[in-house]
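Report on the structure
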Amino acid sequence: MKIEYDEDTCIGMFQCVAEWDAFEEDKSKGKAILEDSEEVEDGVFVREVPEDAELDAKFAARTCPVDAITVYDDDGEQLIP
């Protein structure tokens with residue numbers, strides 16, 4: 001499973017931070033940070049989701065009020081949103 005985070009879309013509600021510890025608050029930017037991710041294009045970060053964190057990653061994506069977080073399965077199919 002893979003998670004994609006669009007920092008430009010993020011409005012800094014930090015609901016994802018409460019759901020999965022891979023997200024952290026960056027108070028100076030007013031945005032979340034996706035730890036251990038790679039910037040694949042300007043402001044878009046991607047990382048693999050460990051099997052034991054899949055549920056937390058899904059909850060983080062579901063709680064984002066602006067759909068800045070997208071979850072894909074191992075075949076690349078979009079699961080959330």
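Now for a description of the structure that goes with this document. (Residues numbered from 1 in each chain as written. Predicted model: local features only at pLDDT ≥ 70, side-chain atom pairs only at ≥ 80, totals over all residues. Heavy atoms only, no water.)

Let's talk about the environment of D21
The residue D21 is located in the loop between α1 (15-19) and β2 (23-26) in this model. As a C-alpha pair, D21 and K31 span 10 residues in sequence and 15 Å in three-dimensional space. (Helix = DSSP H or I, 4+ residues; strand = E, 2+ residues; numbered from the N terminus.)

What about the pattern of salt bridges?
The tally for this structure, following the rule as stated, stands at two salt bridges. Of the charged contacts, one joins E25 and K27 as a salt bridge, the two residues approaching to 3.4 Å between their closest N and O atoms. The partly exposed category is assigned to E25, whose relative accessible area is 38%. (Salt bridge = Lys/Arg side-chain N within 4 Å of Asp/Glu carboxyl O. Buried < 20%, exposed > 50% of the residue type's maximum accessible area, 1.4 Å probe, protein only.)

Topic: the nonpolar core
I3, Y5, W20, F23 and I69 are the most contacted members of the largest nonpolar core, which has 22 residues in total. Secondary structure elements with two or more residues in this core: β1 (2-6), β3 (31-34), α2 (54-63) and β6 (69-72). Broken down by element, this core gets its largest block of residues, three residues, from α2. Every residue in contact with W20, bar those within four places of it in the chain, is listed here: I3, L34, R47, V49, P50, A53, D56, A57 and A60. (Core = buried A, V, L, I, M, F, W, Y, C linked by side-chain atoms within 4.5 Å. Contact = heavy atoms within 4.5 Å.)

Describing the packing of aromatic side chains
One pass over the structure, following the stated rule, counts three aromatic pairs. Consider the rings of Y5 and F23, whose centres lie 5.6 Å apart with planes at 80°: the pair is edge-to-face. In this pair, Y5 sits in strand β1 while F23 sits in strand β2, placing the two residues 18 residues apart along the sequence. Across the pair, F23 and Y5 agree in class, each one buried. Seen in terms of ring centroids, W20 and F23 are 6.0 Å apart; in terms of plane orientation they differ by 70°. Their pairing is edge-to-face. Assigned by exposure class, W20 and F23 land together as buried. (Phe/Tyr/Trp six-rings, centres within 6.5 Å; stacked < 30°, edge-to-face > 60°.)

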